[in-house]
Amino acid sequence: MKKNKPRKIVSHDVIPSVMSASSHGAPVPPAERILRFGDRWKYAPAPEAPSDLKLRSRYELFIGGKFVKPSSGKYFPSINPANEQQLAEIALGNAADVERAVKAARHAYDHVWGKMSGRERGKYLFRIARLIQEKIRDLAVLESLDGGKTIRESRNIDLPLAAAHFFYHAGWADKLDYAFAGRRPRPLGVVGQIIPWNFPMLMAAWKLAPALACGNTCVLKPAETTSITALHLAEIFAEADLPEGVVNIVTGAGDTGAALVNHPDIDKIAFTGSTDVGKRIAKSLAGTRKKLTLELGGKAANIVCEDAPIDQAIEGIIQGIYFNQGHVCCAGSRLFVQEGIVEPVIRRLRNRLRSLRVGDPLDKNTDIGAINSREQLERIRSLVESGREEGAEYHEAPCELPAKGYYHAPAFFTGVADSHRIAQEEIFGPVLSVMTFRTPEEALERANNTPYGLSAGVWTDKGSKVFKLATQLRAGVVWAETYNKFDPASPFGGYKESGFGREGGKQGLAAYLQID
Ligand code: NAP
Ligand code: MG
């Protein structure tokens, strides 16, 4: 036990008083000083107006086009992580409910959806996309309430991208015969889809839109802590007159997901979640005829070279790890900085962190909302603890966290070794590990030294360096001079323990088709 080892906690620099004068020596008015040196504005609260989509006190399963009670008669609470209050209770689906849902999906596949022309399917998808678009603000409020993400992100990123996925795949539905030259694509049948809590609506759209465009029917299992928006999406399906049974939603816990994986009449499982559960699913499907795609964890390297534009890189770093409370599988959680620019990068990162606002997810000024669950907050804290125990220096932005709810201040570690747990394991929270390198070759080797391979980032002024690094980084997505940008037309997925199969683009369609 390393219990008695002193902890290194480095507090943030106090802004030197000399900085209160402008470069001409004239006093700078307080507001300008705050702006220039990254102190906090005292904003008045700016809460988003409540949603017109009313939260229900109880949510049922969506099977065969109807909301139905779970056969167990049991419900579990969905909590608002910003204040720990119960929002609603959610039906606990079991194997019998999965059986009903798969039956409904099979019936819809055999009699309606599997026989429908791509042109007709496309019309439904366009209708769903437009309905999501109309309700973006309302759905965003529910997403932030249930999951803790900031309203700015759910309203400006998650929901518009969810609509974009339906629009994009609606466009493909009648063109599948042209997508794979000289080959004949056919749907797979009934697909089971299991999604995590970090992008509830967006992950539902990533899964459902391509599957439906390709002519499959679906049974979707949302994450236990974030089921509410999926059930409002079910209402949108009903409003769009989507034939009953084409999409079924069975809420519940891990056992519900396992029942779906093991159901004999499923043709494909599409899973997004942790590498541990992904491995378990792969084992249980081995030797069956079921197809499988896995989108799993990541430990992305964000590489900043000496010739990079530092200010842009800082914004990219912030976007890469503090965005969505760090609950992003492709988060740039390992920052590699070239030795010559370590000091200015750390200084600016520290200043920028001071300006991030942590608090109420529904406040439009909030940059970092609530951690999705108590369990996740504890996981982050325990990894932070391991980083300190292993000897890295912890730097946390000084900020007051709300007394109630699950929050973590934005932070970073310096003095991190490649062998530390914080450099190897997915932290899934707003905590960055900073490491330094001498040559791009060294950065490349260390960036690839991880069991994961989902994403990476490169910051340099030289296009040739971008191409060199991007082609040798073993990651499914490499961003250059930007970070965490998504588009339905661009395939997303991992190497190594980050999974296999792609979502988005033509490659994402292929994962839902039998191509002869
Ligand atoms: P998780 O524990 O693996 O859960 C993901 C989903 O699987 C949830 O719906 C979960 O239900 C369900 N599940 C749990 N045990 C299961 C089992 N034995 N069989 C079938 N389903 C089961 O992951 P998480 O902690 O919720 O999500 C975070 C993870 O997702 C991170 O590792 C992150 O990197 C990864 N992720 C990857 C991507 C990507 O595209 N690569 C995108 C987003 C997230 P419950 O919620 O009820 O437990
Ligand atoms: Mg919740």
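The rules behind each value
- Residue numbers here run from 1 along each chain, matching the order of that chain's written sequence.
- As they are written, the chains are lettered A onward and the ligands numbered 1 onward, keeping that order.
- Two thresholds apply to this predicted model, a pLDDT of at least 70 for residue-level local features and 80 or more for giving and counting side-chain atom pairs, whereas whole-chain, interface and lining totals are computed over all residues.
- Processing note: side-chain calculations cover all non-hydrogen atoms of the structure and skip hydrogens and water entirely.
- Counted as donors are the N, O and S atoms within 2.8 Å of the metal, or 3.2 Å for Na, K and Ca, while water is not among the atoms, so some sites may look incomplete.
- Elements are defined by DSSP. Helices are runs of H or I of four residues or more, strands are runs of E of two residues or more, and each kind is numbered from the N terminus.
- The rule is simple: take the accessible area with a 1.4 Å probe, protein chains only, and divide by the maximum for that residue type; under 20% is buried, over 50% is exposed, in between is partly exposed.
- A cutoff of 4 Å decides nearness: a residue is near a molecule or strand if any of its heavy atoms lies inside that distance of it.
- Pairing of N or O atoms within 3.5 Å defines a polar contact, subject to two protein rules: one partner must be a possible hydrogen donor and the other a possible acceptor, and residues neighboring in sequence count only if both atoms are side-chain atoms.
- A 1.4 Å probe and the Shrake-Rupley method give the accessible areas. Residues count as covered only by the protein chains that appear here.
- Nonpolar residues are Ala, Val, Leu, Ile, Met, Phe, Trp, Tyr, Cys and Pro. Charged residues are Asp, Glu, Lys and Arg, and all others, Gly as well, are polar.
- Domain extents, as shown, originate in an automatic or database domain assignment.
- An axis is simply a line fitted to the C-alpha atoms; with a helix, the fit covers only the stretch in contact. Between two such axes, the angle follows the N-to-C directions and lies from 0 to 180 degrees.
- Roughly parallel means an angle under 35 degrees; roughly antiparallel means over 145; roughly perpendicular covers 65 to 115; every other angle is labelled oblique.
- Handedness of a helix crossing follows the sense of rotation of the near helix relative to the far helix, less than a right angle counterclockwise being left-handed and clockwise being right-handed.
- Any two residues whose heavy atoms approach within 4.5 Å are treated as being in contact.
- Ring geometry is summarised as follows: Phe, Tyr and Trp rings, the Trp one being its six-membered ring, pair when their centres sit within 6.5 Å, and such pairs are stacked at plane angles under 30 degrees, edge-to-face over 60 and tilted between the two.
- Charge over a ring is defined by NZ of Lys or CZ of Arg lying within 6 Å of the ring centre and within 35 degrees of the ring normal.
- The definition of a nonpolar core used throughout is a set of buried Ala, Val, Leu, Ile, Met, Phe, Trp, Tyr and Cys residues joined through side-chain atoms within 4.5 Å.

## What to know about the coordination of the magnesium ion (ligand 2)
Step number 1: Coordination of the magnesium ion (ligand 2) by the protein involves Ile79 (O), Asp146 (O), Asp146 (OD) and Thr225 (O), with metal-donor separations of 2.4 to 2.5 Å.
Step number 2: One chain supplies every donor for the magnesium ion (ligand 2), spaced along it as I-x66-D-x78-T. With Ile79 in strand S5 (residues 75-80) and Asp146 in helix H4 (residues 136-147), this residue pair connects regions lying 67 residues apart in the sequence.
Step number 3: On the accessibility criterion, Ile79 (31% relative accessible area) is partly exposed.
Step number 4: Residue classification places Asp146 among the buried residues on the basis of a relative accessible area of 2%.

## With respect to the site of ligand 1
Step number 1: Looking at ligand 1, there are 29 residues lining it, with Ile195, Lys221, Ser274, Leu296 and Glu426 nearest.
Step number 2: Between ligand 1 and the protein, one listed contact pairs an oxygen atom with a side-chain N or O atom of Glu426 at 2.4 Å.
Step number 3: Compared with its free state, where it exposes 900 Å², ligand 1 has 89% of that area covered by protein.
Step number 4: Class assignment for the residues of the shell around ligand 1 results in 16 nonpolar, eight polar and five charged.
Step number 5: Both of domain 1 (50-296 + 498-515) and domain 2 (301-480) provide at least three residues apiece to the shell around ligand 1.

## Observations regarding the packing of helix H2 (residues 95-113) against helix H9 (residues 254-262)
Step number 1: As a packed pair, H2 and H9 sit with axes 9 Å apart at the nearest point and diverge in direction by 45°. The angle between the axes of H2 and H9 places the two elements in the oblique class. Between H2 and H9 lies a crossing of right-handed hand. Here Ala95, Val98 and Val102 of H2 lie close against H9, whose contacting residues are Thr256, Ala259 and Leu260.
Step number 2: By residue class, the composition of the contact of H2 with H9 is five nonpolar, one polar and no charged.

## A few points about the packing of aromatic side chains
Step number 1: Across all of its chains, the model carries 13 aromatic pairs by this definition.
Step number 2: Their ring planes at 80° and their centres at 5.3 Å tell us that Trp197 and Phe428 sit as a pair that is edge-to-face. Taken together, the positions of Trp197 in the loop between strand S8 (190-194) and helix H7 (200-213) and Phe428 in the loop between helix H14 (421-424) and strand S17 (431-437) put the pair 231 residues apart, joining distant regions of the chain. Like Phe428, Trp197 is buried.
Step number 3: Taken together, the ring pairs in this structure connect Trp206, Trp479, Tyr483, Phe486 and Phe492 into an aromatic cluster.
Step number 4: Above the ring of Tyr75, the side-chain terminus of Arg58 is found at 3.7 Å from the ring centroid.

## Overview of the side chain of Glu295
Step number 1: Note that Glu295 resides in strand S12 (residues 291-295).
Step number 2: Glu295 has contacts with Phe271, Thr272, Gly273, Phe492, Gly493, Gly494, Ser498, Gly501, Arg502 and Glu503, leaving out every residue within four places of it along the chain.

## Remarks on the environment of Pro196
Step number 1: Note that Pro196 resides in the loop between S8 and H7.
Step number 2: Take Pro196: its relative accessible area is 14%, and that puts it in the buried class.
Step number 3: The spatial distance from the C-alpha of Pro196 to the C-alpha of Ser227 is 9.8 Å, given a sequence separation of 31 residues.
Step number 4: What Pro196 contacts, discounting residues up to four positions off in sequence, is Met203, Ala223, Thr226, Thr272 and Gly273.

## Some details on H2
Step number 1: Three or more residues of H2 are buried, namely Asp97, Val98, Ala101, Val102, Ala104, Ala105, Arg106, Ala108, Tyr109 and Trp113.
Step number 2: Among the residues of H2, the N-terminal cap falls to Asn94, whose side-chain oxygen and the backbone nitrogen of Ala96 are separated by 3.0 Å.

## Observations concerning the nonpolar core
Step number 1: In terms of nonpolar packing, the biggest core is built from 110 residues, with Ile128, Ile132, Phe166, Leu208, Tyr322, Leu349 and Leu432 touching the most fellow members.
Step number 2: The element that contributes the greatest number of residues to this core is H7, accounting for 11 residues.
Step number 3: When residues are assigned to domains, this core turns out to be shared by domain 1 (50-296 + 498-515) and domain 2 (301-480), each giving three or more.
Step number 4: Other than its neighbours up to four places away in sequence, Ile132 contacts Leu139, Leu159, Ala163, Phe166, Met201, Leu233 and Ile236.
Step number 5: Among the nonpolar cores identified, the runner-up in size contains 30 residues, and Ala301, Leu383, Tyr406 and Leu473 belong to it.

Purely spatial values, then, with no claim about function.
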